[in-house]
Amino acid sequence: MNEQQTDPLPDFAVLSQVRAPASLHASIEHLIDAHGAAPRRSPRRRLRFVAAPALLIAGALALVLALSGGSTAPTVPRAAAFATRPATSASPAENPRDHDELLSSVDGVAYPYWGEQRLGWRTAGVRTDTLGGHMVTTVFYANSRAQRIGYSIVSGSPLPAPGGRVWNWSGVRYHLLNVAGTPVVAWERQGHTCILAGAVSAHTLLRLAARET
């Protein structure tokens, strides 16, 4: 059974500030830690996990998908696997008419610009894949610690809800998953499935995803 948490938090505009409010951090941490969540890693263990080669993460995801029976049905975990693969083209530029967006979109759903100083996630390439008749475009972001995340937008109708723990914020349902040890957050924007995945904390992914509401 899915676990769901609804939080009566303050106006969402506070997320545009330099620091997210304590209530948002507390709400996300409660979601991650509640109901038997995985124990926190020590700083040394976390450093080793972040430094793990992307190839190992991609291999683990591929193994999980292979053991699922070989189905080719498009799902969020399958789409999230693209976020662990290399970029195949150059990064899109910032939109000069809207500094919150990049000059890249899928069916009118634009990718965010997170390179400003308060966020510090610069673009690091793009790749496009197909999955069950859907085009999945992934924009990669990297921070100053060489951590990398992938933001995928799936073309066409939304993929089936992936289950997992659910966090409600400002009318949006964020599904928090763990696929082969990689945190994944999936939600819908303008009728399209959006996915954030990478070797960072689930808290970081949720905080960034929530900015796009």
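**Some words on the pairing of strand β2 (residues 101-106)**
Then step 1. Note: β2 against strand β3 (residues 109-112), three bridges, orientation antiparallel. What sits directly across from E101, in β3, is P112.
Then step 2. Between β2 and β3, which pair antiparallel and follow one another directly, the connecting turn spans two residues, one of which, D107, has a positive phi of 50°.

**As for the packing of aromatic side chains**
Then step 1. Tallying each qualifying case throughout the model produces seven aromatic pairs.
Then step 2. Note on Y151 and W187: the rings are 5.6 Å apart at their centroids and 70° apart in plane angle, and the pair reads as edge-to-face. Here Y151 is found in strand β6 (residues 148-154), whereas its partner W187 is found in strand β9 (residues 182-189), with 36 residues between them in sequence.
Then step 3. Residue class for Y151 comes out buried when judged on its relative accessible area of 0%.
Then step 4. Measuring from ring centre to ring centre gives 5.8 Å for Y174 and W187, while their planes differ by 40°; the resulting arrangement is tilted. Of this pair, Y174 sits in strand β8 (residues 172-179) while W187 is found in strand β9, placing the two residues 13 residues apart along the sequence.
Then step 5. Between R148 and the ring centre of F140, over which it is positioned, the NZ or CZ distance is 4.1 Å.

Procedures and definitions
Residues numbered from 1 in each chain as written. Predicted model: local features only at pLDDT ≥ 70, side-chain atom pairs only at ≥ 80, totals over all residues. Heavy atoms only, no water. Pairing = 2+ DSSP bridges. Helix = DSSP H or I, 4+ residues; strand = E, 2+ residues; numbered from the N terminus. Phe/Tyr/Trp six-rings, centres within 6.5 Å; stacked < 30°, edge-to-face > 60°. Buried < 20%, exposed > 50% of the residue type's maximum accessible area, 1.4 Å probe, protein only. Lys NZ or Arg CZ within 6 Å of the ring centre and 35° of its normal.

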